[in-house]
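Structural description and commentary
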Amino acid sequence: MPPKTRAKKAKTPTIAIPEAIRLLTDQYGPFPQEPRLDPAHEMVFTILSQHTSDINSERAFRSLMNRFGSINAVTQANVDEIESAISVGGLAKIKAPRIKAILTRVLELNEDSLDLSFLAEMPLDEAKAWLRQLPGIGPKSAGIILNFSLGMPAMAIDTHIYRVSQRLGLIGPKVNVDKAHDLLEAVVDPEQVFPFHVCFVTHGRQTCKALRPLCEDCVISFGCPSRERIQGLSKDTKPAAPKQKQRRKGKLTQLPHTPQITEQEK
Ligand code: SF4
């Protein structure tokens with residue numbers, strides 16, 4: 001009879017978040033915080049980017065601005081006119097009424113103004129709650145508006161950040177994406193929320209892909225508890241040392257979720 005083997009609990013490798021950000025910035029960055037849209041424009045751009053590629057959401061946003069000139073003018077348009085203006089980006093039938101509804105609601109709640117700069121004066125939780133009362137604004141959209149437009153330390157978790165964070169063991173496998181916002185916001189330094197966002201999105205797009213993650217090229221593989229399972233490696237195989245300043249082909253020319261903007265839209 002073969003001797004019984006006792007299942008050993010493997011140690012879980014971990015990487016500190018600041019170290020991951022440093023290595024990923026070295027790999028894909030730098031990621032300067034570019035001038036952003038004001039919050040109302042950012043809100044509309046965020047809706048246009050839902051379930052849409054960066055290229056198509058940028059096209060739709062540019063077409064909307066070319067047609068109406070400003071978000072204030074969009075509030076006067078009817079749904080059909082908005083739909084026609086954003087049709088180049090796809091899902092226009094869903095997004096046009098959403099844009100109309102959200103802008104109408106902002107005007108109702110904010111004394112007929114689209115100026116949302118007051119959110120920056122609020123505690124983060126209150127600013128998030130204010131945005132979350134608007135139709136179509138979930139935690140991710142609220143996080144993008146507050147972080148990208150107003151520089152507040154709000155987390156915005158997209159599918160890439162969620163996947164990379166799970167594989168790195170920063171969140172558990174059963175944590176849903178809404179809860180992930182709170183958990184990651186609690187452990188990422190407020191000063192590092194923006195770099196965390198862009199580093200993890202870029203890593204998820206370029207290396208830690210959904211179907212075939214390129215673990216052999218990953219600069220943070222030494223701290224990833226999923227690497228052995230994904231690569232089918234023995235626990236004794238040492239991960240490669242992180243590569244310094246070795247950039248992948250096709251480096252980003254534009255940050256994730258960053259529309260080209262005009263002076264009037266800032
Ligand atoms: S080692 Fe693989 S699974 Fe882990 S973060 Fe890197 S690419 Fe993703």
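Residues numbered from 1 in each chain as written. Predicted model: local features only at pLDDT ≥ 70, side-chain atom pairs only at ≥ 80, totals over all residues.

Some words on the site of the ligand
Surrounding the ligand, one finds 15 residues, the nearest of these being C208, C215, C218, S221 and C224. Those elements that place two or more of their residues in the shell around the ligand are α9 (159–167) and α12 (227–231). (Near = placed C-beta within 6 Å. Helix = DSSP H or I, 4+ residues; strand = E, 2+ residues; numbered from the N terminus.)

A short note on helix α3 (residues 54–68)
An ideal rise of 1.5 Å per residue puts 21 Å on 15 residues; α3 measures up with 21 Å between its terminal C-alpha atoms. Buried within α3 are the following residues: S57, E58, A60, F61, L64 and M65. Angular distribution of buried residues about the axis of α3 spans 165°; they occupy a single face of the element. For α3, the exposed residues set more than 90 degrees away from the buried face come down to I55 and N66. The inward-facing, buried residues of α3 abut α2 (39–49), α4 (71–74) and α5 (79–86). (Expected span 1.5 Å × (residues − 1). Buried ≥ 20, exposed ≤ 12 C-beta atoms within 10 Å, placed from the backbone. Arc of directions from axis to C-beta. Contact = placed C-beta atoms within 7 Å.)

A short note on the confidence of the model for the chain
For the chain, per-residue confidence averages 86 on the pLDDT scale, and residues scoring 70 or more make up 82% of the total. Within the model, the stretch residues 1–11 combines pLDDT values under 50 with one contact to residues more than four positions away or in other chains. (pLDDT = per-residue confidence, 0-100.)

Here we look at the packing of α2 against helix α6 (residues 92–109)
Contact geometry for α2 and α6: axes closest at 10 Å, N-to-C directions at 155°. Comparing their axes, α6 and α2 come out roughly antiparallel. Relative to α6, α2 is oriented so that their crossing is right-handed. From α2, A40, M43, V44, I47 and L48 reach across to α6, where they touch K95, R98, I99, I102 and V106. Considered class by class, the residues forming the contact of α2 with α6 number eight nonpolar, no polar and two charged. (Axes fitted to C-alpha atoms, helices over the stretch in contact; angles between N-to-C directions. Parallel < 35°, antiparallel > 145°, perpendicular 65-115°, else oblique. Left-handed = near helix turned anticlockwise from the far one by under 90°. Nonpolar A, V, L, I, M, F, W, Y, C, P; charged D, E, K, R; others polar.)

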